[in-house]
Amino acid sequence: MEITGTDIKARLAKCNLTKIWLLNQLNKRGIKISVTTLSLILSESYSNKEKSSLVIAEAAEIISKYENAMGDS
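What this report covers is the structure whose coordinates are included nearby. None of these values were measured; they are calculated from a predicted model.

Conventions and cut-offs
Residues numbered from 1 in each chain as written. Predicted model: local features only at pLDDT ≥ 70, side-chain atom pairs only at ≥ 80, totals over all residues. Heavy atoms only, no water. Helix = DSSP H or I, 4+ residues; strand = E, 2+ residues; numbered from the N terminus. Rg over C-alpha atoms; globule rule 2.2 N^0.38 Å. Buried < 20%, exposed > 50% of the residue type's maximum accessible area, 1.4 Å probe, protein only. Contact = heavy atoms within 4.5 Å. Arc of directions from axis to C-beta.

## Points about the overall build of the chain
Stage number 1. Scanning the chain for helices and strands turns up 4 helices and 0 strands.
Stage number 2. Walking the chain from its N terminus toward its C terminus, one meets helices and strands in the order α-α-α-α.
Stage number 3. For 73 residues, the compact-globule estimate of 2.2 N^0.38 gives 11 Å, and the chain sits close to it at 11 Å.
Stage number 4. In terms of overall dimensions, the chain has a C-alpha envelope of 35 × 25 × 15 Å along the principal axes.
Stage number 5. When each of the 73 residues of the chain is scored for burial, the buried share is 33%.
Stage number 6. The contacts in the chain between residues at least 6 apart in sequence include a share of 60% that link residues at least 24 apart.

Structure representation (C-alpha cells):
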C-alpha cells in the first residue's frame with residue numbers, strides 16, 4: 001500500500017505533531033524544503049512526483065520512529 005500525504009497528515013495529528021516539527025526533522029536528514037512545499041506535498045498538489053515520493057517516504061520513516069519511541073502506533 002502506498003503511503004499518501006493524507007496518511008502522513010493523519011499520523012501527525014494522531015501524535016499531536018505539527019508540520020513544522022516534521023519540516024525540522026526532514027531538514028536534519030538533509031531534505032531542505034519550505035513549509036509551503038511540504039504543505040503542497042502533503043495535500044498531494046506538488047508537481048514533482050519524485051520529490052513528493054521521497055519526502056513522503058522519509059516522513060513516514062520519521063513518524064514511525066517517533067511512534068515506536070513513544071510506544072504508539
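## Structural notes on unusual backbone geometry
Stage number 1. One non-glycine residue, Asn 16, adopts positive backbone phi at about 55 degrees.
Stage number 2. Along the chain, Asn 16 falls in the loop between α1 (5–14) and α2 (19–28).
Stage number 3. Residue classification places Asn 16 among the exposed positions, given a relative accessible area of 71%.
Stage number 4. Of note, Glu 44 is a non-glycine position whose phi angle comes to about 60 degrees, a positive value.
Stage number 5. Position of Glu 44 among the secondary structure elements: in the loop between α3 (35–42) and α4 (49–70).

## What to know about α3
Stage number 1. What α3 keeps buried is the set Thr 37, Leu 38, Ile 41 and Leu 42. Summarising the axial view, the buried residues of α3 lie within an arc of 130 degrees, below the 170-degree limit, and thus occupy one face.
Stage number 2. For α3, the secondary structure elements touched by its buried residues are α1, α2 and α4.
Stage number 3. Of the residues flanking the end of α3, it is Glu 44, one or two places downstream, whose phi is positive at about 60 degrees.

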